[in-house]
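Results of the structural survey
Listed below, chain by chain, are the residues.
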Amino acid sequence: MTSEAKPVSEYEIYLGVPTLLSLQKEGGARAHRDELLFQVIHQVEELWMKLAINEINDAVGHLNADEVASALGLLRRVTEIERMMIGQLRLIEMMSPHSYIAVRKVLGQGSGQESPGFNAMLRVAPELGAAMHGVLKRACVSALEVHAEPTKHPLLFQLTECVIDYDELFQTFRFHHIMLVKRIIGAGTASLKGKPTELLERSMRAPFYPELWEVRETMFADFSRGENLYKK
Ligand code: HEM
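Let me begin by describing the structure that accompanies this report. (Residues numbered from 1 in each chain as written. Predicted model: local features only at pLDDT ≥ 70, side-chain atom pairs only at ≥ 80, totals over all residues.)

**Brief notes about the overall build of the protein**
Scanning the protein from N- to C-terminus turns up 10 helices and 0 strands. Taken from N to C terminus, the helices and strands of the protein fall in the order α-α-α-α-α-α-α-α-α-α. Its C-alpha atoms give the protein a radius of gyration of 23 Å, clearly above 17 Å, the size a compact globule of 232 residues would have. If you line up the protein on its principal axes, its C-alpha atoms span 75 × 45 × 35 Å. Buried positions account for 17% of the 232 residues belonging to the protein. (Helix = DSSP H or I, 4+ residues; strand = E, 2+ residues; numbered from the N terminus. Rg over C-alpha atoms; globule rule 2.2 N^0.38 Å. Buried ≥ 20, exposed ≤ 12 C-beta atoms within 10 Å, placed from the backbone.)

Following this line, the structure appears as structure tokens:
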């Protein structure tokens, strides 16, 4: 060890802390003081998505083996991760347009559309849907039947709810991100790929599992509000 090298604890060695903390620009190299906030949030979001993908992949494996309870444990973690990711957007919303302009200049052609974590979350969504449908098919029951009698199929009911949670929270993340974009760069400002809000709103309208959302409509299709029960 040279005299300049900082001693590192086992905690730091195990977690790779020196490497982790070297991944953000040092003070003098930052385009703006808020560049640290910008880098940390994006890096943390990538880490959460890395963990989410790991859990989804294993959950899909469990579902393919009809181990629904084990899959549920992992899928619940994923939805907690999604909730945290949404909450963390609030922190970056605290960047002013003024500070973002300085940071945007050093981003080059970089775009959130290139996020490996986000693109992996998109990629695994149909695999999760297929695994869920496989479980339902082997149990000889449809999502609609599960919802018609949730107490008869408690585990399958929780599974379909967990899968729709993934979808709902993903869309919620996109909605909050659109509000963030509107707040920082404005709805009409052209970005790298055209008008960002138009582009982002288009992708937000497409759910992963329309069939699970349709179950609700089907169940309410024959529902009528009926007589006025309380007012004569
Ligand atoms: C200062 C804050 C932010 C601004 C101003 C911003 C702006 C934008 C814009 C304008 C786009 C449209 C594509 C483009 O022109 O590049 C976009 C896409 C995207 N951004 Fe952000 N973003 C911010 C923070 C974040 C954060 C914290 C994440 C976390 C992962 C993120 C993830 C994404 C993703 C995944 C896309 C692609 C979305 C899709 O295809 O539906 N962004 N962002």
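**Observations concerning the site of the ligand**
Residues in contact with the ligand amount to 25 residues; listed here are only the nearest, Ser111, Gly112, Phe118, Ser191 and Pro196. Counting residues per element, the ones that place at least two in the shell around the ligand are helix H3 (35-64), helix H4 (68-92), helix H8 (154-185) and helix H9 (196-204). Considering every element that reaches the shell around the ligand, the biggest residue donor is H8, with 6 residues. Class assignment of the residues belonging to the shell around the ligand gives a composition of 14 nonpolar, 8 polar and 3 charged. (Near = placed C-beta within 6 Å. Nonpolar A, V, L, I, M, F, W, Y, C, P; charged D, E, K, R; others polar.)

**A short note on the environment of glutamate 67**
With respect to the helices and strands, the residue glutamate 67 is situated in the loop between H3 and H4. According to the C-beta neighbour criterion, glutamate 67 is partly exposed, with 14 such atoms within 10 Å. For the pair glutamate 67 and valine 135, spaced 68 residues apart in the sequence, the C-alpha separation amounts to 9.1 Å.

**Regarding the nonpolar core**
Formed by 32 residues in total, the largest nonpolar core has its most connected members in Leu128 and Val163. At the level of secondary structure, the elements contributing two or more residues to this core comprise H3, H4, helix H6 (116-138), helix H7 (143-148), H8 and helix H10 (210-220). For this core, the element with the highest residue contribution is H8, accounting for 8 residues. Not counting residues within four places of it along the chain, the set of residues in contact with leucine 128 comprises Ile56, Val60, Val163 and Tyr166. (Core = buried A, V, L, I, M, F, W, Y, C linked by C-beta atoms within 7 Å. Contact = placed C-beta atoms within 7 Å.)

**Concerning the packing of H8 against H9**
One can describe the packing of H8 onto H9 by two numbers: an axis separation of 10 Å at closest approach and a directional angle of 170 degrees. In terms of their interaxial angle, H8 and H9 are classed as roughly antiparallel. Contacts between H8 and H9 involve Gln171, Arg174, Phe175, His177, Ile178, Val181 and Lys182 from the former and Pro196, Thr197, Leu200, Glu201, Ser203 and Met204 from the latter. For the contact of H8 with H9, the class distribution of residues is 6 nonpolar, 4 polar and 3 charged. (Axes fitted to C-alpha atoms, helices over the stretch in contact; angles between N-to-C directions. Parallel < 35°, antiparallel > 145°, perpendicular 65-115°, else oblique.)

**Structural notes on the packing of H3 against H6**
Running from N to C, H3 and H6 cross one another at 20 degrees; their axes reach a closest spacing of 9 Å. Viewed along their axes, H3 and H6 adopt a mutual orientation that is roughly parallel. Crossing geometry of H3 relative to H6 is assigned as left-handed. Every residue of H6 that contacts H3 at Glu45, Glu46, Met49, Lys50, Ala52, Ile53, Ile56, Asn57, Val60, Leu63 and Asn64 is listed here: Gly117, Phe118, Ala120, Met121, Val124, Glu127, Leu128, Ala131, Met132, Gly134 and Val135. (Left-handed = near helix turned anticlockwise from the far one by under 90°.)

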